[in-house]
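# Coordinate analysis (summary)
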Amino acid sequence: MNPRVVLVIAGLTIREITRRRIIWVLAGLSVVSVALVGWGVHQLVSMSSGNGITDAELQLGVSQVLILIAFMFSFVLAMSAAFLAAPAIASDVETGTVLAMLARPMHRADLIVGRWLGLGLIVAVYAAGSGLLAIGVVGLVTGYSPPSMQLALAYLAFQAVAVMTAALALGSRLPGIAAGAITVVLFGLGWFTGVLGAVATAFGTDQLSGVGSVYRLLFPTDGLWRGVIYGLEPAAAVLATRIAGRVAEANPFYADAPPSSAFIVWCVVWVLGVLALGAWLFRRREL
Amino acid sequence: MNDPAIETRGLRKAYDGVLALASLDLRVGPGEVVGLLGPNGAGKTTAVKLLLGLVRKSGGEGTVLGRPLGDRGARSRIGYLPELFRYQAWLTADEVLHLHAGLAGLPGSRRGPEIVRVLGLVGLADRAHDRVGGFSKGMQQRLGLAVALLGDPALVILDEPTSALDPVGRDDVRAIIRDARARGSAVLLNSHLLGEVERLCDRAVIVNKGSVVASGTLGELLGESTVRLRVTGMPADLTPLHAFGPLTDEDGWLVIRPVDPERIPDLVAAVVAMGGRVHAVDPARRTLEELFLDVVRGPGAGASPGALVYPAPPARPMPPPPPAAGGPWVTR
């Protein structure tokens, strides 16, 4: 691999994405969404203040709203990451742009890693920016500050990077639309199996609850999403849910613990492995 | 330093069992301009992609600039214009060239002057800061040429470099290729435009169904001379003229191909001795197009459409009798 070429491709990728109008439209819509959420939360807090709602209850409610906002952003991020990354290689191959580039003294892996680096930076900046904005606005109107904001944002970005990596790797071999669609399905299945596993745990069906755990290893986005939730929910909510017992674990917007260190290491290995797989598939591809 | 720019022996490529290139023997010397010709599907573009390492060979061997096929060191000295020329539409022409200069590892101090030089060479100096997305196909092809010529490569591979250009653009490309040769670059020109190859190339290689069917210098390939005579008053029996070569009638001209140019005066004398009156004598060399059609479709295909071919004795001792006295080439 040639680091100089990787940086050239990463720079090209960032320039390509930032010159697309859709990115700025997406950024604008995110700002509008946060503004609407801020207004809604403000209305909720001001209207509830005379109804005998305790501060702890209010904090719990606001944290759940914040987790829902994070869920919305995680969904938007995953979709954006999938549909930005899937055609990153595929469209270059389909249009023939890649021919003149790969005739230069570069490895095919340089193109994959450069694209990944550029996309990863964009996705991470968007995740951090939109997440920070949402948390800041909610904090401003309610006074609620999540216990581990940085951790939640890091998991949000990591989740988006995982989705982006899968889409990029699939797009190195498949047409862009197919790669994007498959990635979205895999992401959706991750969320579904996560919820199914939580409900199964609540119902005491241990065989079924293992489905979520196994799928988390194959496609780890839901495990990372649990990290986002854990970073945003107040300690009191965790305590109250633990007291409520395992039935409370059926709540898909609740996490009783952050992802384990072993899982984080696995996620890093998973991302690098999928990236290497994408590079290998692309190296074997006839252009 | 004196390694051939390209040398392949029996280079072969099959895609999922379908043979795209059966056996390519190709040699391009340093500073030489070689035309690679062939009908659609002959394997020319596959050959080019093999040379650049864009596809893997199924057999045979080859070197480019003295290094194995696809070698990155060799690729730093190759300029390539793909048949499907597409560049990043969101970049300006100047930015596309900066991108390729970066990928090629051109030193920073050389990039600016080199980009100005190649943009001027292809006639895009005043469009340097315009986005490629707004370019016509012809302008994009000119940009592709500029990309290929960036950094004075030792080998320039041009796959159909004039397919989107008007006659003025084609003339410009011919000048650009001559300039590249003058600067010491070897050029492999893959083109359907045979006139272009005939004007520019030192040698030509014709590929058909994945194999080389003819190759050599243009002098060697087009060595067969032809003479066209417009005559009247010829008798029906043309047997004496078969001694000069195979006879055909092409649009009213009596054509002898191949013919020994030294014997043309004797031929004219023989026609006169047979009672014919000679109105015009047009000695001509075979064109590359005629050669191309002959080797791709079979002998005789290069003759003009509708030409009558008169087999020589002894296969048929007498030429087929014309409908009236005299051959069909006779103008009355």
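Residues numbered from 1 in each chain as written. Chains lettered and ligands numbered in written order. Predicted model: local features only at pLDDT ≥ 70, side-chain atom pairs only at ≥ 80, totals over all residues.

On to the overall build of chain A. Counting secondary structure elements, chain A contains 11 helices and 0 strands. Moving toward the C terminus, one meets the helices and strands of chain A in the order α-α-α-α-α-α-α-α-α-α-α. The C-alpha radius of gyration computed for chain A amounts to 21 Å, which stays within 12% of the reference 19 Å derived for 287 residues, consistent with globular compactness. In terms of its C-alpha atoms, chain A occupies a principal-axis envelope of roughly 70 × 45 × 30 Å. Looking at chain A as a whole, 44% of its 287 residues are labelled buried. Here the contacts in chain A between residues at least 6 apart in sequence split such that 84% fall between residues at least 24 apart. (Helix = DSSP H or I, 4+ residues; strand = E, 2+ residues; numbered from the N terminus. Rg over C-alpha atoms; globule rule 2.2 N^0.38 Å. Buried ≥ 20, exposed ≤ 12 C-beta atoms within 10 Å, placed from the backbone. Contact = placed C-beta atoms within 7 Å.)

Quick look at the overall build of chain B now. Looking only at helices and strands, chain B has 10 helices and 15 strands in total. Within chain B, the proportion of its 332 residues that are buried is 40%. Pairs at least 24 residues apart make up 70% of the contacts formed inside chain B by residues separated by at least 6 positions.

With that settled, consider the nonpolar core. Of all hydrophobic cores here, the largest spans 153 residues; its most connected members are Ala 81, Val 123, Leu 156, Ala 160 and Ala 167 of chain A together with Ala 146 and Leu 189 of chain B. Two domains each put at least three residues into this core: domain 1 (6–220) and domain 2 (223–310) of chain B. (Core = buried A, V, L, I, M, F, W, Y, C linked by C-beta atoms within 7 Å. Domains from an automatic or database assignment.)

Before going further, it helps to spend a moment on the environment of Gly 70 of chain B. Residues and elements named next belong to chain B. Relative to the helices and strands, Gly 70 resides in the loop between β5 (67–68) and α2 (72–75). Taking the number of C-beta atoms within 10 Å as the measure of exposure, Gly 70 has 20 and is therefore buried. When the C-alpha positions of Gly 70 and Lys 49 are compared, they lie 9.1 Å apart, and in sequence the two are 21 residues distant. With sequence-adjacent residues up to four places away left out, Gly 70 is seen in contact with Leu 52 and Gly 53.

Counting from both sides, the interface comprises 18 residues of chain A and, opposite them, 24 residues of chain B. Looking at the side of chain A that touches chain B residue by residue, the class counts come to 11 nonpolar, 3 polar and 4 charged. (Nonpolar A, V, L, I, M, F, W, Y, C, P; charged D, E, K, R; others polar.)

A word on unusual backbone geometry. Residue and element names in this part refer to chain B. Going from Arg 257 to Pro 258, the amide bond is cis rather than trans, its omega being -5°. Along the polypeptide, Pro 258 turns up in the loop between β13 (253–256) and α9 (264–273). Positive phi values are uncommon outside glycine, yet Asp 16 reaches one of about 50°. Relative to the assigned elements, Asp 16 resides in the loop between β1 (6–15) and β2 (18–28). One non-glycine residue with positive phi stands out, namely Glu 160, at about 50°. Mapping Glu 160 onto the fold places it in the loop between β7 (155–159) and α6 (167–182).

Our next topic: the packing of helix α3 (residues 55–95) of chain A against helix α5 (residues 108–142) of chain A. Residues and elements named next belong to chain A. Between α3 and α5, the shortest axis-to-axis distance is 10 Å and the interhelical angle comes to 160°. The pairing of α3 with α5 is recorded here as roughly antiparallel in orientation. When the axes of α3 and α5 are compared, the crossing they make is right-handed. For the contact of α3 with α5, the per-class residue count stands at 20 nonpolar, 3 polar and 1 charged. (Axes fitted to C-alpha atoms, helices over the stretch in contact; angles between N-to-C directions. Parallel < 35°, antiparallel > 145°, perpendicular 65-115°, else oblique. Left-handed = near helix turned anticlockwise from the far one by under 90°.)

Residues and elements named next belong to chain B. Where burial is concerned, most of β7 is hidden: 5 out of the 5 residues are buried. Neither face of β7 is open: one carries Leu 155, Ile 157 and Asp 159, the other Val 156 and Leu 158, and all of them are buried. As paired elements, strand β6 (residues 78–81) and β7 share 4 bridges and run parallel to each other. The residue of β7 that forms the bridge with Tyr 80 is Ile 157. The sheet contact formed by β7 and strand β8 (residues 186–190) spans 5 bridges and is parallel. Note on β8: the bridge partner recorded for Ile 157 is Leu 188. (Pairing = 2+ DSSP bridges.)

Residue and element names in this part refer to chain B. Per the domain assignment, the segments of chain B are domain 1 (6–220) and domain 2 (223–310). Just the C-alpha atoms count here: the centres of domain 1 and domain 2 sit 39 Å apart. Counting residues at the interface gives 12 residues for domain 1, matched by 7 residues for domain 2. Elements with a minimum of two residues in the side of domain 1 that touches domain 2: α7 (194–200), β9 (203–208), β10 (211–217) and α8 (218–221). Each residue belonging to the side of domain 1 that touches domain 2 can be placed in one class, and the counts come to 8 nonpolar, 2 polar and 2 charged.

Here the focus is helix α10 (residues 288–297) of chain B. Residues of α10 of chain B that are buried include every one of Leu 288, Glu 290, Leu 291, Phe 292 and Val 295 of chain B, and no others. Next to the buried residues of α10 of chain B lie β3 (33–37), α7, β9, β10 and α8 of chain B.

Turning our attention to the packing of helix α6 (residues 149–171) of chain A against helix α7 (residues 176–202) of chain A. Residue and element names in this part refer to chain A. As a packed pair, α6 and α7 sit with axes 8 Å apart at the nearest point and diverge in direction by 145°. Regarding α6 and α7, the two cross each other, and that crossing is right-handed. Taken together, the residues of α7 that come into contact with α6 (itself represented by Val 163, Ala 166, Ala 167, Leu 170 and Gly 171) are Gly 176, Ala 179, Gly 180, Ile 182, Thr 183, Leu 186 and Phe 187. Classifying every residue of the contact of α6 with α7 gives 8 nonpolar, 4 polar and no charged.

On to the environment of Leu 91 of chain B. Residue and element names in this part refer to chain B. Here Leu 91 is to be found in the loop between β6 and α3 (93–104). Judged by local crowding, Leu 91 falls into the partly exposed class, with 19 C-beta atoms found within 10 Å. Counting along the chain gives 40 residues from Leu 91 to Arg 131, while the straight-line C-alpha distance between them is 5.4 Å. Residue contacts for Leu 91: discarding those within four places in its chain leaves Val 96, Leu 99, Arg 131 and Val 132.

Residue and element names in this part refer to chain B. Residues of chain B with pLDDT of at least 70 account for 88%, and the chain-wide mean is 84. The secondary structure element of chain B with the lowest average pLDDT is strand β15 (residues 308–310), at 47, and the one with the highest is α3, at 95. With pLDDT under 50 throughout, residues 304–332 is counted as low confidence; its partners more than four residues away or in other chains account for 47 contacts. Predicted complex metrics record ipTM = 0.82 and pTM = 0.81. (pLDDT = per-residue confidence, 0-100.)

Moving on: the confidence of the model for chain A. Predicted coordinates in regions of low pLDDT should not be interpreted in detail. Here chain A averages 87 in pLDDT, and 95% of its residues register 70 or above. Here helix α10 (residues 235–244) of chain A stands out as the element of chain A with the lowest mean pLDDT, 69, in contrast to helix α11 (residues 261–283) of chain A, whose mean of 95 is the highest.

Before going further, it helps to examine the environment of Val 93 of chain A. All names here are of chain A. One can find Val 93 in helix α3. Residue classification places Val 93 among the buried positions, given that 20 C-beta atoms sit within 10 Å. Along the sequence, Val 93 and Gly 171 sit 78 residues apart, while their C-alpha atoms lie 9.8 Å from each other. Apart from the residues within four sequence positions on either side, Val 93 is in contact with Val 98 and Leu 287.

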